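Survey of secondary and tertiary structure
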Amino acid sequence: MSSPASGTAQPVLRLDGVVKSFGDVTAVDGLSLSLDRGQVLALLGPNGAGKTTTVEMCEGFTAPDRGTVRVFGLDPVADSGQVRARIGVMLQGGGAYPGSKAGEMLRLVASYSADPLDPDWLLRTLGLTDAARTPYRRLSGGQQQRLALACALVSRPELVFLDEPTAGLDAQARLMVWELIDALRRDGVAVLLTTHLMDEAEALADRLVIVDHGRIVAEGTPSELTRHGADGHLRFTAPERLDLGGLHAALPAGYTPREVSPGSYVVEGTIEPATLVAVTTWCAEMDVLATELQVDQRRLEDVFLDLTGREVRG
Ligand SMILES: Nc1ncnc2c1ncn2[C@@H]1O[C@H](COP(=O)(O)OP(=O)(O)OP(=O)(O)O)[C@@H](O)[C@H]1O
């Protein structure tokens, strides 16, 4: 794939104070974000958080009530023709003629583009070569999903919207899609990804935006989000009833070592390499062999659930 040139340093996508309501429901409530070339941004949020509404405004399917949406500096509703020629949209099962064959469908979509990718290459890359002659309705769910991705990418878009791109895929197909998204990033394509899979967001995204009730509740790189304000745990096993006073003194302020059950110790706080050194140095000084030393890091899933609650949404 060749690098599409945006020609300017302006963000590929920019939302400023965007509000969208449906009757009494405020689906998007003052959302601002931007996305640059070669960046993958994951939009995360519980059901009903406003992700789809946000993406639909970016794609120009619906206009915001307030605020602005700009794609390549253009209004995606007023300038929809120009915007749509440069974006790729992955539709969930939509837009397909059930009787047409996978390869034909992809070639048809490619024919709308002045400089499409080679459809056969794309079918091969997504493991669909054997399915090229299969009618759409006979494709498996995972094959339909990969074909939707191929259709979104065949016109060499500069900005791609991927809605749960690996939902329902097996492990091999998922990896294939992840590799393709990584290749898009390297080619300078901007990707807005919505997903409910935290490991996918962590693996693929340069930046994460967590939305809830139409508002951003957290944003940053995966490591910023999992580190920020996160209390980690360093656990180890050692002889019972050690006097922890010396360890407490050796650790920076704010770290409290505790014996949580006989012989089972935990140090709470942000666990850094220096924390490990302090613990193992103290153990050496005490002539104590710490075993089963383990650092628990906060996972993105924990951060997400802490921010958006654990109750199931309608
Ligand atoms: N066309 C519509 N008419 C009425 N209400 C709508 C419409 N579209 C969305 N909503 C409401 O707006 C809110 C946000 O919905 P949206 O589909 O954007 O959430 P989401 O984060 O994409 O959810 P999910 O993860 O379930 O796809 C929800 O309360 C939803 O019911």
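Residues numbered from 1 in each chain as written. Predicted model: local features only at pLDDT ≥ 70, side-chain atom pairs only at ≥ 80, totals over all residues.

**Comments concerning the site of the ligand**
- The ligand sits among Phe22, Val25, Ala27, Gly45, Asn47, Gly48, Ala49, Gly50, Lys51, Thr52 and Thr53.
- Elements that contribute at least two residues to the shell around the ligand include exactly strand 2 (25-35) and helix 1 (51-59).
- For the shell around the ligand, the element with the most residues is helix 1, which contributes 3 residues.
- Tallied by class, residues from the shell around the ligand come to 4 nonpolar, 6 polar and 1 charged. (Near = placed C-beta within 6 Å. Helix = DSSP H or I, 4+ residues; strand = E, 2+ residues; numbered from the N terminus. Nonpolar A, V, L, I, M, F, W, Y, C, P; charged D, E, K, R; others polar.)

**Considering the sheet that holds strand 8 (residues 207-212)**
- Across the sheet, 6 strands lie side by side as 5-6-7-3-8-9; this open sheet has mixed pairing. In this open sheet, the two edge strands, each paired with only one partner strand, are strand 5 (87-89) and strand 9 (215-220). Here the average twist between neighbouring strands, direction ignored, is 15 degrees.
- In the sheet, strand 5 pairs with strand 6 (residues 159-163) via 3 bridges, with the strands oriented parallel. Paired with Val89 across the two strands is Phe161, which belongs to strand 6.
- Each of strand 3 (40-44), strand 6 and strand 7 (190-194) is contacted by helix 6 (residues 171-186), which is oriented at about 145 degrees to strand 7, the strand it contacts most. (Pairing = 2+ DSSP bridges. Axes fitted to C-alpha atoms, helices over the stretch in contact; angles between N-to-C directions. Contact = placed C-beta atoms within 7 Å.)

**Looking at the pairing of strand 7**
- In terms of burial, strand 7 is a largely internal element, 5 of the 5 residues being buried.
- Burial along strand 7 is two-sided: Ala190, Leu192 and Thr194 facing one way and Val191 and Leu193 facing the other are all buried.
- Pairing analysis gives 4 bridges linking strand 3 to strand 7, with the strands arranged parallel. Bridge pairing in strand 7 links Ala42 to Leu193.
- Note that strand 6 and strand 7 share 5 bridges and pair parallel. Each bridged residue has a counterpart across the sheet, and for Val160 the counterpart in strand 7 is Val191.
- Taking the sense of rotation as the criterion, the β-α-β connection linking strand 6, helix 6 and strand 7 turns out right-handed. (Buried ≥ 20, exposed ≤ 12 C-beta atoms within 10 Å, placed from the backbone. Right-handed = clockwise from strand over helix to strand, strands pointing away.)

**Section: the domain arrangement of the chain**
- Per the domain assignment, the segments of the chain are domain 1 (13-226) and domain 2 (231-296).
- Placing the centre of domain 1 and that of domain 2 at their C-alpha centroids yields a distance of 45 Å. (Domains from an automatic or database assignment.)

**Side note on the confidence of the model for the chain**
- Residues with a pLDDT of 70 or more make up 94% of the chain, whose mean pLDDT is 89.
- In the predicted assembly, ipTM is 0.97 and pTM is 0.80. (pLDDT = per-residue confidence, 0-100.)

**Here we look at helix 6**
- Over its 16 residues, helix 6 extends 23 Å from the first C-alpha to the last, a length consistent with the 22 Å expected when each residue adds 1.5 Å.
- Buried within helix 6 are the following residues: Arg174, Val177, Ile181 and Leu184. The buried residues of helix 6 all sit within an arc of 80 degrees when viewed along its axis, so they share a single face. Of the exposed residues in helix 6, those oriented more than 90 degrees away from the buried face are Ala171, Gln172, Glu179 and Arg186.
- The inward-facing, buried residues of helix 6 contact strand 3, helix 5 (141-153), strand 6, strand 7 and helix 7 (198-204).
- Residue Gly188 follows helix 6 closely and has a positive phi angle near 90 degrees. (Expected span 1.5 Å × (residues − 1). Arc of directions from axis to C-beta.)

**Overview of the sheet that holds strand 12 (residues 264-269)**
- Spatial ordering of the open sheet is given by 11-12-10-13, a layout of 4 strands whose pairing is antiparallel. The sheet terminates laterally at strand 11 (256-261) and strand 13 (291-296), the two strands that pair on one side only. Neighbour to neighbour, the strand axes of the sheet diverge by 20 degrees on average, direction disregarded.
- Direction of pairing for strand 10 (residues 232-237) relative to strand 13: antiparallel, over a ladder of 4 bridges. Its bridge partner being in strand 13, Leu234 is matched across the sheet by Val295.
- Packing against the sheet, helix 10 (residues 273-285) makes contact with strand 10 and strand 12, and its axis sits at approximately 25 degrees to strand 10.

**Looking at the nonpolar core**
- Core analysis: the largest hydrophobic core is formed by 66 residues, its most contacted members being Ala42, Leu106, Ala150, Val191 and Leu193.
- In terms of residue count, the dominant contributor to this core is helix 5 (7 residues).
- When near neighbours in sequence (up to four residues on either side) are disregarded, Ala150 contacts Leu106, Leu122, Leu123, Leu126 and Leu128.
- Residues Leu247, Leu251, Ala278 and Val279 belong to the second largest nonpolar core, which totals 10 residues. (Core = buried A, V, L, I, M, F, W, Y, C linked by C-beta atoms within 7 Å.)

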